[in-house]
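# Observations on chain architecture
Here is what each chain is made of, one letter per residue.
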Amino acid sequence: MQELVNPFGHDYWMKLAYREAEKALEEQEVPVGAVIVKDNVLIARGHNQVEGLQDPTAHAEMIAITAACGTLGEKRLEGCTLYVTLEPCPMCAGAMILAKLDTCVYAAADPKAGACDSLYHLCEDPRLNHRVKIVSGVQEEPCTRILQHFFKEKR
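All of the points below concern the structure found in this document. The shown structure was predicted, so the numbers you read here are calculated from the model rather than taken from an experiment. (Residues numbered from 1 in each chain as written. Predicted model: local features only at pLDDT ≥ 70, side-chain atom pairs only at ≥ 80, totals over all residues. Heavy atoms only, no water.)

Moving on: the pattern of salt bridges. Going through the model one piece at a time under the given rule, you end up with three salt bridges. The partner of Asp 125 in a salt bridge is Arg 127, and the shortest N-O contact between them spans 2.6 Å. One network of salt bridges, in which partners are shared, links Glu 20, Lys 23 and Arg 45. (Salt bridge = Lys/Arg side-chain N within 4 Å of Asp/Glu carboxyl O.)

Next up, the structure:
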């Protein structure tokens, strides 16, 4: 008997998040993109818009979380997975916990601001009322490359 393969695995969704990062790059933003999925259906997307909106909270994850809540008509994102091209910062990790996301899959680690693995482990802190499962390193190379390209061009 042949095993069924899910065409909508982590790589598939992370490639969509990467497309969002490319949009950010086109807008001269730090190239980070995010998508949120529920039951193998894309329900939200976002990319960094900090410069364009002049809003320090306009991270890709925050925009995607807001859009997902709007799509579902509720503040809780139970059963949802966030795919993001860079490890979330403390603000975004906090928003994921408050939204009660099930899982966060990220590509590139962020040694300067990462709050899921690198600097902090907010999503798995037993003192908080919710835990978000973390999966790291999915499509890490292309997501790291686009960030490196952006910062090299800025210098």
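A word on the pairing of strand β2 (residues 41-47). Summarising the sheet, strand β1 (residues 33-38) and β2 pair through six bridges and their orientation is antiparallel. Residue Val 37 lies in a different strand from β2, and its bridge partner there is Leu 42. What sits between the antiparallel neighbours β1 and β2 is a turn of two residues, in which Asp 39 has the positive phi angle 55 degrees. (Pairing = 2+ DSSP bridges. Helix = DSSP H or I, 4+ residues; strand = E, 2+ residues; numbered from the N terminus.)

A separate point is the sheet that holds strand β4 (residues 103-108). Paired through backbone hydrogen bonds, the strands of a sheet run either parallel or antiparallel to each other. Taken in spatial order, the five strands line up as β2-β1-β3-β4-β5 in an open sheet, and their pairing is mixed. Whereas interior strands pair on both sides, the edge strands pair on one side only; in this sheet they are β2 and β5 (133-136). Each adjacent strand pair in this sheet contributes to an overall mean axis angle of 20 degrees, direction not counted. In this structure, strand β3 (residues 80-86) lies alongside β4, joined through five bridges in parallel fashion. Across the sheet, residue Leu 86 finds its bridge partner in β4, namely Ala 108. Against the sheet, helix α5 (residues 140-154) makes contact with β3 and β4, and its axis sits at roughly 60 degrees relative to β4, the strand it touches most. (Axes fitted to C-alpha atoms, helices over the stretch in contact; angles between N-to-C directions. Contact = heavy atoms within 4.5 Å.)

Tracing the chain through its elements places Thr 103 in strand β4. Thr 103 has contacts with Cys 80, Thr 81, Leu 82, Val 132, Lys 133 and Val 135, leaving out every residue within four places of it along the chain.

In short, shape yes, function no, at least from these values alone.
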